[in-house]
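So you can see what is in the structure, the chains are spelled out below.
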Amino acid sequence: MAKTKEETKEYMRLWRLKNKENIKQYRNSKHNKKIKTICQWRSRGILCFDYDLLYDIVLSTTNCEFCKVELNTNTKTRRCLDHDHSINDKFNIRAILCNSCNTRDVLSILS
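(A) Representation of the nonpolar core within the structure. Core analysis: the largest hydrophobic core is formed by 17 residues, its most contacted members being Trp41, Ile46, Leu54, Val58, Cys64, Leu81 and Ile93. At the level of secondary structure, the elements contributing two or more residues to this core comprise helix 3 (30-43), helix 4 (51-60) and strand 2 (93-98). With five residues, the top contributor of residues to this core is strand 2.

Have a look at this one:
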């Protein structure tokens, strides 16, 4: 019994209305944030053998590896995963930096 596109669309609209609170809770869950972060890393070309381990390492890092400023959610001091864009076939992560150091690309300047 195939449903038409319009019937499916209406069914999904009603389902979302009925489950609005559950959807909101899932979107704000730690699990969902982890999945979204890892997907963003992959889409930006970050290569790793174990993304779950990398995620835990990034979260446990408290200071920028270059300027040593304490990392938090502030725009200038939020965590950034710096990687080498020229490497696209193996592990390419260079450091966990604050946003200021990452946008200045300090590691490529030092190399």
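From this point on, the discussion continues.
(B) Fine view of unusual backbone geometry. A positive phi angle, close to 70°, is found at Lys68, a residue other than glycine. Overall, Lys68 belongs to the exposed group, its relative accessible area being 55%.

(C) Summary view of the pairing of strand 1 (residues 79-83). Of all five residues in strand 1, four are buried, a share of seventy percent or more. Judged from the five bridges that link them, strand 1 and strand 2 form a sheet pairing that is antiparallel. Bridge assignment links Arg79 to a residue of strand 2, and that residue is Cys98.

(D) Structural detail: the pattern of salt bridges. Going through the model one piece at a time under the given rule, you end up with three salt bridges. The salt bridge involving Asp52 is made with Lys34; its shortest N-O contact spans 3.5 Å. Placement of Asp52 in helix 4 and of Lys34 in helix 3 is noted, with a sequence separation of 18 residues between them. For Asp52, a relative accessible area of 42% corresponds to the partly exposed category. We note a salt bridge from Asp82 to Arg94, for which the minimum N-O separation is 2.9 Å.

(E) Layout of the packing of helix 3 against helix 4. Across the interface, helix 3 lies against helix 4 with an axial gap of 11 Å and an inter-helix angle of 105°. The pairing of helix 3 with helix 4 is recorded here as roughly perpendicular in orientation. Note on element contacts: helix 4 touches helix 3 through Tyr51, Asp52, Leu54, Tyr55 and Val58, opposite Lys33, Lys34, Thr37, Ile38, Trp41 and Arg42. In terms of residue class, the contact of helix 3 with helix 4 is made up of six nonpolar, one polar and four charged.

Reading the values: the criteria
Residue numbers run consecutively from 1 along every chain, following the written order of its sequence. Reporting in this predicted model follows two pLDDT cut-offs: at least 70 for local features of residues, and 80 or more for side-chain atom pairs to be given and counted; totals over whole chains, interfaces and linings ignore these cut-offs and use all residues. Hydrogen atoms and water are omitted, and side-chain values are computed over all heavy atoms in the structure. Note on terminology: a nonpolar core comprises buried Ala, Val, Leu, Ile, Met, Phe, Trp, Tyr and Cys residues joined through side-chain atoms within 4.5 Å. Buried means the residue's accessible area, taken with a 1.4 Å probe over protein chains only, is under 20% of the maximum for its type, while exposed means over 50%, and partly exposed covers the values in between. To qualify as a helix, a DSSP run of H or I must reach at least 4 residues; to qualify as a strand, a run of E must reach at least 2; elements of each kind are numbered from the N terminus. Strands qualify as paired when DSSP identifies two bridges or more between them. Criterion for a salt bridge: a side-chain nitrogen of Lys or Arg within 4 Å of a carboxyl oxygen of Asp or Glu. An axis is simply a line fitted to the C-alpha atoms; with a helix, the fit covers only the stretch in contact. Between two such axes, the angle follows the N-to-C directions and lies from 0 to 180 degrees. The cut-offs work like this: below 35 degrees is roughly parallel, past 145 is roughly antiparallel, 65 to 115 is roughly perpendicular, and the gaps in between are oblique. Residues count as neighbours in contact if any of their non-hydrogen atoms are within 4.5 Å of one another. Just so you know the grouping, Ala, Val, Leu, Ile, Met, Phe, Trp, Tyr, Cys and Pro go in nonpolar, Asp, Glu, Lys and Arg go in charged, and all remaining residues, Gly too, go in polar.

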